[in-house]
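Structural features, examined
So you can see what is in the structure, the chains are spelled out below.
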Amino acid sequence: MTGTNVDGFDHDSHLRRAFDLAREAAARGDEPFGSVLVRDDTVVMTDSNRVVTEDDIRRHPELHLAYRACRELDADERAETVMYTSTEPCPMCAGGMARAGFDRVVYSVGSDEIAEFTDNEPSVRSAEILAGVTDVVGPVLNDEGRQIHEEFDW
């Protein structure tokens, strides 16, 4: 690993790209979740939720990007990669991300907040699952991220 300084990345811009993907998912009939993978402050992969439109419970953007990253990037490249995601990863996605070994995940809306929107019980937080593997940072741009969920018909 070369020690890329991910602190210098344009966090707001990358997170807003994830917001755009979340809005695209909602417009298509899926739940409003979007994610981007960034290396060297450049977006290298994007995805949005496709659980409904692809009839596949695994098509959360975070899990699919972790899968793709494990196939397309080596371990050192993944260790220099940041995932920006509109919403904190669920336990399934965090598990996949633990295997991928990203440097960091930056999210906007916490899983505790999603539990309120969806009237569900809060899940295990991603920081617990990713402890010692991937730093978890959030909420970031929380008001903007929450607006997407407020507009969605949960």
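Refer to the structure printed above.
These remarks concern the structure in this document. The structure displayed is predicted, hence computed values, not measured ones. (Residues numbered from 1 in each chain as written. Predicted model: local features only at pLDDT ≥ 70, side-chain atom pairs only at ≥ 80, totals over all residues. Heavy atoms only, no water.)

1. As for unusual backbone geometry
Test applied: For helices the rule is a DSSP run of H or I covering at least 4 residues; for strands it is a run of E covering at least 2, with both sets numbered from the N terminus onward.
Of note, the bond from G138 into P139 is cis; its omega dihedral lies within 30 degrees of zero at 5°. Along the chain, P139 turns up in the loop between β5 (135–137) and α7 (142–151). A positive phi angle, near 60°, is found at D41, a position not held by glycine. Along the chain, D41 falls in the loop between β1 (34–39) and β2 (42–48).

2. Overview of the side chain of T87
To keep it simple, the criterion reads: Under the rule applied, a polar contact is a pair of N or O atoms within 3.5 Å (in protein, one hydrogen donor and one hydrogen acceptor; residues adjacent in sequence only if both atoms are side-chain atoms). In what follows, a contact means two residues having at least one pair of non-hydrogen atoms within 4.5 Å.
Looking at where T87 falls in the secondary structure, it is placed in strand β3 (residues 81–87). In this structure the side chain of T87 is engaged in a polar contact, spanning 3.0 Å, whose partner is the side chain of H149. What T87 contacts, discounting residues up to four positions off in sequence, is P32, F33, E62, Y107, V109, I114 and H149.

3. Points about a negative patch on the surface
Note the following rule: The patch calculation keeps residues exceeding 30% relative accessible area without a salt bridge and links them within 9 Å when they carry like charges or within 5 Å when they are nonpolar (Val, Leu, Ile, Met, Phe, Trp, Tyr). Computed by Shrake-Rupley with a 1.4 Å probe, the accessible areas treat only the displayed protein chains as cover when residues are assessed. Only one rule defines a salt bridge in this text: a Lys or Arg side-chain nitrogen within 4 Å of an Asp or Glu carboxyl oxygen. Only four residue types enter the charge count: Lys and Arg as positive, Asp and Glu as negative, with His and the chain ends excluded. Think of each charge as sitting on NZ of Lys, CZ of Arg, CG of Asp or CD of Glu. Relative accessibility under 20% of the residue-type maximum defines a buried residue, over 50% an exposed one, and the middle range a partly exposed one, all with a 1.4 Å probe and only protein chains included.
Where like charges cluster on the molecular surface, the negative patch consists of D10, D12, D40 and D41. D12 sits in the partly exposed class, given a relative accessible area of 34%.

4. Description of the pairing of β1
Defined as follows: Should DSSP find at least two bridges between two strands, the strands are taken to pair.
Among the 6 residues in β1, 6 count as buried, and that is most of the element. The pairing of β1 with β2 spans 6 bridges and is classified as antiparallel. When the sheet's bridge partners are listed, R39 is paired in β2 with T42. The turn joining β1 and β2, which pair antiparallel and follow one another in sequence, is formed by 2 residues; a positive phi near 50° is taken by D40.

5. Let's talk about the packing of aromatic side chains
To be explicit about the condition: For Phe, Tyr and Trp, rings pair up if their centres lie within 6.5 Å, where Trp contributes its six-membered ring, and each pair is then called stacked (planes under 30 degrees apart), edge-to-face (over 60) or tilted (otherwise).
As enumerated under the stated definition, the model contains 2 aromatic pairs in all. For the pair F33 and W154, a centre-to-centre distance of 6.1 Å together with 50° between the ring planes defines the contact as tilted. Of this pair, F33 sits in the loop between α1 (11–28) and β1 while W154 sits in the segment after α7; the two residues are 121 residues apart in sequence, bridging distant segments of the chain. Relative accessible area serves as the criterion here: at 12%, F33 is assigned to the buried category. Between F152 and W154, the ring centres sit 4.8 Å apart and the planes meet at 70°, which makes this aromatic pair edge-to-face. Among the residues examined, F152 registers a relative accessible area of 22% and is labelled partly exposed. By the ring-pair criterion, three or more aromatic residues cluster together here, those being F33, F152 and W154.

6. A short note on the sheet that holds β3
Formally: As a rule, the C-alpha atoms of each element are fitted with a line to give its axis, helices using only the stretch in contact, and angles between N-to-C directions run from 0 to 180 degrees.
One open sheet holds the 5 strands; their spatial order is β2-β1-β3-β4-β5, and the pairing between them is mixed. On the outer flanks of this sheet lie β2 and β5, each paired with one strand and no other. Within this sheet the neighbouring strands show an average axis-to-axis angle of 20°, counted without direction. Most of the contacts of α1 go to β1, to which it runs at about 150°, and overall it touches β1, β2, β3 and β4 (104–109).

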